[in-house]
Amino acid sequence: MIINHPILGPRDSQEFTYLGDASLIDRPDWQADNAADQFCDYLYLRDNPAGAHRELWFHEQGDRSWLVVTRNTVTHEILNVELARDVARARGRSK
Amino acid sequence: MRYSGLKVIKEALTGHKGWRPTWRDPEPKKSYDVVIIGGGGHGLATAYYLAKNHGITNVAVIEKGWIGGGNVGRNTTIIRSNYLLDGNEPFYELSLKLWEGLEQDFNYNAMVSQRGILNLVHTDAQRDAARRRGNAMILNGSDAELLDTDGVRAMYPFLNFNNARFPIKGGLLHRRGGTVRHDAVAWGYARGADLRGVDIIQNCEVTGFKIENGKCLGVETTKGFIGANKVASCVAGSSSRVMEKAGMRLPIESHVLQAFVSEGLKPVLDGVITFGAGHFYCSQSDKGGLVFGGDLDMYNSYAQRGNLPVVEDVMEGGMALIPALGRVRMLRSWGGIMDMSMDGSPFIDKTHVDGLYFNGGWCYGGFKATPASGWCYAHLLATDTPHKVATAYRLDRFRRGCMIDEKGQGAQPNLH
């Protein structure tokens, strides 16, 4: 698989390590009343779709940036690549 | 029709005209006591033991493709009982004991071959871990022997003992482990279940569940609605896709694992060798092909095929361990989809929906578990209580903090 890095251009997926579903960006509020339930779901439950899947890849052998890659889990086709930093900021995170 | 040596001779003398189809091909009835989703090894074993152990024969196994076409036909056929933790080892030991009597039990030649499994160690720390694991196995009624370098050399003199990175310092030998003809497991269970009245319905995909007031009343399928008192999902690899139709999110990711077969060779390898440090394991099939595999591709996938970097990684692992492999030509490779759970251990449990049961999360250990999985799932379906060796396989164990994490990796499914 070739991942089209937003800054570095097309890179071999072997340069990256894989973490998992990009929902891991959305860490729950630890002060919420149901924080324990929210964290349990956040840590352990996954949508695991067959089809488009937004996921976190780390460019370990490159610029060490985190990317949000949208990839089809049935065909392995990569549909979109974004910097995780931009995705997090767009969701209101400070970094 | 019972199979026997006498029957083979009789058929040979009469032109093989007496063989009959091994199972029927029925249309689904309007309703059943139990509908099992998934005609793989585990689903067919569940149906077999429901009928045989509990006398529940008004059962259908529905399969979207053909039986045995999923992971029971895509694995590397290894059976073993060499787990460490109390939540796991009694279950896998039951499974191995069932394998030992399986062929006589269901009157089908599954070619169970207890040829021994050797886990190699390369450091003092690994030797300590192997000793601890071996003791845990023995405490749970399994068998284990710790070999030193000479012990391994006597068994497999052709290994590379002086690899600079991973010199072989010994191994943990599990003599009762081995291999099985995997397709025959599906066929044997299918035949045994069918003979007892279970309907095996192929080319019938589940498209939804009918759930009213918190109770599951049956399944919608491509062959129409099928009612059921109890619905049992048993579709490891596709668990999230199926259970999503019942509104469930699971502690599971689907990952692809590749396996490989070489051209046929004369007998060179009489057991199973695992080289965990190099992400490689190998055995030789009765046809002569070397059967081997390695690591996951590491990313979520439903593709039943992997990519080339892992092919290269597995071949490098093989060459590091067995330099003679360099002369061997690869014949085939394939991928199977694993339910990778959050702690590396499976589930056999009820769900929050009354009458809906779940079996899955087998990671890459589903094949060896087939008999015990069917045995324990049938027990749960028949009695509504977990079998005593499967009490830890609950869906809520993460919430309770009772994970069964053999490798201590935490909630990162691709590392288990």
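> I would appreciate a short explanation of the overall build of chain B in the present structure.
Within chain B, the regular secondary structure consists of ten helices and 18 strands. Radius of gyration (C-alpha) of chain B: 22 Å, near the 22 Å computed for a compact globule of 416 residues. Taken across its 416 residues, chain B has 51% of its residues classed as buried. Within chain B, contacts between residues separated by at least 24 positions form 74% of all contacts whose residues are at least 6 apart in sequence.

> Just checking my understanding: could you explain the packing of helix α2 (residues 41-54) of chain B against helix α9 (residues 370-383) of chain B for this structure?
For any two helices packed against each other, one specifies the inter-axial angle together with the distance between the axes. Residue and element names in this part refer to chain B. At a closest axis distance of 7 Å, the pairing of α2 and α9 adopts a crossing angle of 55°. With respect to their mutual orientation, α2 and α9 come out oblique. The two elements α2 and α9 meet at a crossing, and its hand is right-handed. Contacts from G41, H42, A45, T46, Y48, Y49, L50, N53 and H54 of α2 reach α9 at T370, P371, S373, G374, W375, Y377, A378, L381 and A382. A class-by-class count of the residues in the contact of α2 with α9 yields ten nonpolar, eight polar and no charged.

> Just to check I follow, could you spell out the interface of chain B and chain A for this structure?
The figure often quoted for interface size is the accessible area lost as the parts come together. Counting residues at the interface gives 21 residues for chain B and 18 residues for chain A. When residues of the side of chain B that touches chain A are traced back to their parent elements, those giving at least two are α7 (239-243), β12 (252-264), β15 (289-300) and α10 (397-400) of chain B. The residue makeup of the side of chain B that touches chain A, split by class, is eleven nonpolar, six polar and four charged.

> What exactly am I supposed to notice about the sheet that holds strand β14 (residues 280-284) of chain B here?
Paired through backbone hydrogen bonds, the strands of a sheet run either parallel or antiparallel to each other. Residues and elements named next belong to chain B. Read from one edge to the other, the open sheet built from eight strands follows the order β5-β6-β4-β13-β14-β15-β12-β16, with strand pairing classed as mixed. The two strands at the open ends of the sheet, each matched to only one other strand, are β5 (145-148) and β16 (330-341). Within the sheet, the average angular offset between the axes of one strand and its neighbour, ignoring direction, is 25°.

About the thresholds
Residues numbered from 1 in each chain as written. Chains lettered and ligands numbered in written order. Predicted model: local features only at pLDDT ≥ 70, side-chain atom pairs only at ≥ 80, totals over all residues. Helix = DSSP H or I, 4+ residues; strand = E, 2+ residues; numbered from the N terminus. Rg over C-alpha atoms; globule rule 2.2 N^0.38 Å. Buried ≥ 20, exposed ≤ 12 C-beta atoms within 10 Å, placed from the backbone. Contact = placed C-beta atoms within 7 Å. Axes fitted to C-alpha atoms, helices over the stretch in contact; angles between N-to-C directions. Parallel < 35°, antiparallel > 145°, perpendicular 65-115°, else oblique. Left-handed = near helix turned anticlockwise from the far one by under 90°. Nonpolar A, V, L, I, M, F, W, Y, C, P; charged D, E, K, R; others polar. Pairing = 2+ DSSP bridges.

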